[in-house]
Amino acid sequence: MFTVQKGCRSHAVEGAQIAALEYLQPALRQIASAQVRQAQLSDQLKSLQSALETKQTGVLALGPDGKVQEMNAIASDMVQAGDGLSLRAGRLQIWDVEAQRVCDFACASMQAVGIQSSPGVQILASRPSSLPPFLITVCAPMPERSDDRAPNSGFLVMIEDPSAGLAVGIAQLRSAYGFTKAEARVAVLICNGQTASEIALAAHVGLATVRTQIQKIMQKMGVRRQVDVARILSRYL
């Protein structure tokens, strides 16, 4: 219900003013409903952020236009790291071209068929560092009621980083053996059982480059075999 208050010195509400208010009433109701919905989504996002912070999951709230409206601290750190995720003109950019295409298609499909009736979409996004890919989930905010369709409420993007626990290990490797950042990442992948060819393919670099990095790793560690690299470095990871 909407009410109109006038000062005690004001004249009585005229018929034209009443007619104008009656004309604007549907629009005012829509504005009020949108504000309530926005407040509900904000509360949902805060609750979701709190839950996901404990799981080291980044969460971003995207508006219907695809622009990022909010993100938690973990998502902000992921973007600032520049390892496959960035922001451009307010939009999330994924370095993996195919992952970006799937993400854009998922958002467009949700808008087309009704966002609340669309299931979430999970995407694996490779990274220029060749660390394990991000797991990106695109979904709609949960409705407050089963009949609440919220056709233009936007999207939630949740990002999990399988290598999040390796950050300390990489720092320790660089400190202990004097590895470069690239060498430390290659060393981690060796410990994960990846071959030189697999590392080169994931990092989009030449096989010769990776083999050179492996040679330097072994020289700095004083070993001659990759299996010894994995055995010794496993204590750091």
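Things to note about the side chain of Glu183
(1) Moving on: Within the secondary structure, Glu183 is located in helix H5 (residues 181-191).
(2) Moving on: Residues in contact with Glu183, not counting those within four places in the same chain, are Gly178, Gln213, Lys216, Ile217 and Lys220.

Some thoughts on the packing of helix H6 (residues 196-203) against helix H7 (residues 207-221)
(1) Moving on: Between H6 and H7, the least distance of the axes is 9 Å, while the angle of their chain directions is 120°. If you check the angle between H6 and H7, you find them oblique. Where H6 crosses over H7, the two elements pack in a sense that is right-handed. Judged by residue contacts, Ala196, Ser197, Ile199 and Ala200 of H6 engage Leu207, Val210, Arg211 and Ile214 from H7.
(2) Moving on: Each residue belonging to the contact of H6 with H7 can be placed in one class, and the counts come to six nonpolar, one polar and one charged.

Some details on helix H2 (residues 73-81)
Along an α-helix, a turn takes 3.6 residues, which lines up residues three or four apart on a common side.
(1) Moving on: Those residues of H2 not exposed but buried are Ile74, Ala75, Met78 and Val79. One side of H2 holds all its buried residues, which, seen down the axis, span an arc of 135°. Along H2, the residues that are exposed and aim more than 90 degrees away from the buried face are Asp77, Gln80 and Ala81.
(2) Moving on: Within two residues after H2, Gly82 carries a phi angle of roughly 70°, on the positive side.

Some words on the environment of Asn72
(1) Moving on: Position of Asn72 among the secondary structure elements: in the loop between strand S2 (68-71) and H2.
(2) Moving on: It is 9.1 Å that separates the C-alpha atoms of Asn72 and Ala61, two residues lying eleven residues apart in sequence.
(3) Moving on: A polar side-chain atom of Asn72 sits 3.1 Å from the main-chain carbonyl oxygen of Thr57.
(4) Moving on: One polar contact links the side chain of Asn72 to the main-chain amide nitrogen of Val59, over a distance of 3.1 Å.

Here's the deal with the nonpolar core
(1) Moving on: Membership of the largest hydrophobic core comes to 24 residues, with the highest contact counts inside it found for Phe179, Ile190, Ile214, Ile217, Met221, Val229 and Leu233.
(2) Moving on: Mapped by element, the contributors of at least two residues to this core are helix H4 (167-177), H5, H6, H7 and helix H8 (226-233).
(3) Moving on: Sort the elements by how many residues they give to this core and H5 lands first, with six residues.
(4) Moving on: Leu62, Ile74, Met110 and Ile136 belong to the second largest nonpolar core, which has 21 residues in total.

Focus on the sheet that holds S2
(1) Moving on: Taken in spatial order, the five strands make up an open sheet running S2-S1-S7-S6-S5, and their pairing is antiparallel. The sheet terminates laterally at S2 and strand S5 (121-125), the two strands that pair on one side only. Neighbour to neighbour, the strand axes of the sheet diverge by 25° on average, direction disregarded.
(2) Moving on: Lying over the sheet, H2 contacts strand S1 (57-62), S2, strand S6 (134-139) and strand S7 (155-160), oriented at roughly 95° with respect to S1.

So, the pairing of S7
A regular strand carries its side chains on alternate faces of the sheet.
(1) Moving on: Counted residue by residue, S7 has five buried out of six residues, so it is predominantly covered.
(2) Moving on: Bridge count for S6 against S7 is five bridges, and the pairing is antiparallel. What sits directly across from Cys139, in S7, is Leu156.

A word on the confidence of the model for the protein
(1) Moving on: Predicted confidence across the protein gives a mean pLDDT of 78, with 72% of residues reaching 70 or more.
(2) Moving on: Within the model, the stretch residues 144-151 combines pLDDT values under 50 with 13 contacts to residues more than four positions away or in other chains.

The rules we used
Residues numbered from 1 in each chain as written. Predicted model: local features only at pLDDT ≥ 70, side-chain atom pairs only at ≥ 80, totals over all residues. Heavy atoms only, no water. Helix = DSSP H or I, 4+ residues; strand = E, 2+ residues; numbered from the N terminus. Contact = heavy atoms within 4.5 Å. Axes fitted to C-alpha atoms, helices over the stretch in contact; angles between N-to-C directions. Parallel < 35°, antiparallel > 145°, perpendicular 65-115°, else oblique. Left-handed = near helix turned anticlockwise from the far one by under 90°. Nonpolar A, V, L, I, M, F, W, Y, C, P; charged D, E, K, R; others polar. Buried < 20%, exposed > 50% of the residue type's maximum accessible area, 1.4 Å probe, protein only. Arc of directions from axis to C-beta. Polar contact = N/O pair within 3.5 Å; in protein donor to acceptor, adjacent residues only side chain to side chain. Core = buried A, V, L, I, M, F, W, Y, C linked by side-chain atoms within 4.5 Å. Pairing = 2+ DSSP bridges. pLDDT = per-residue confidence, 0-100.

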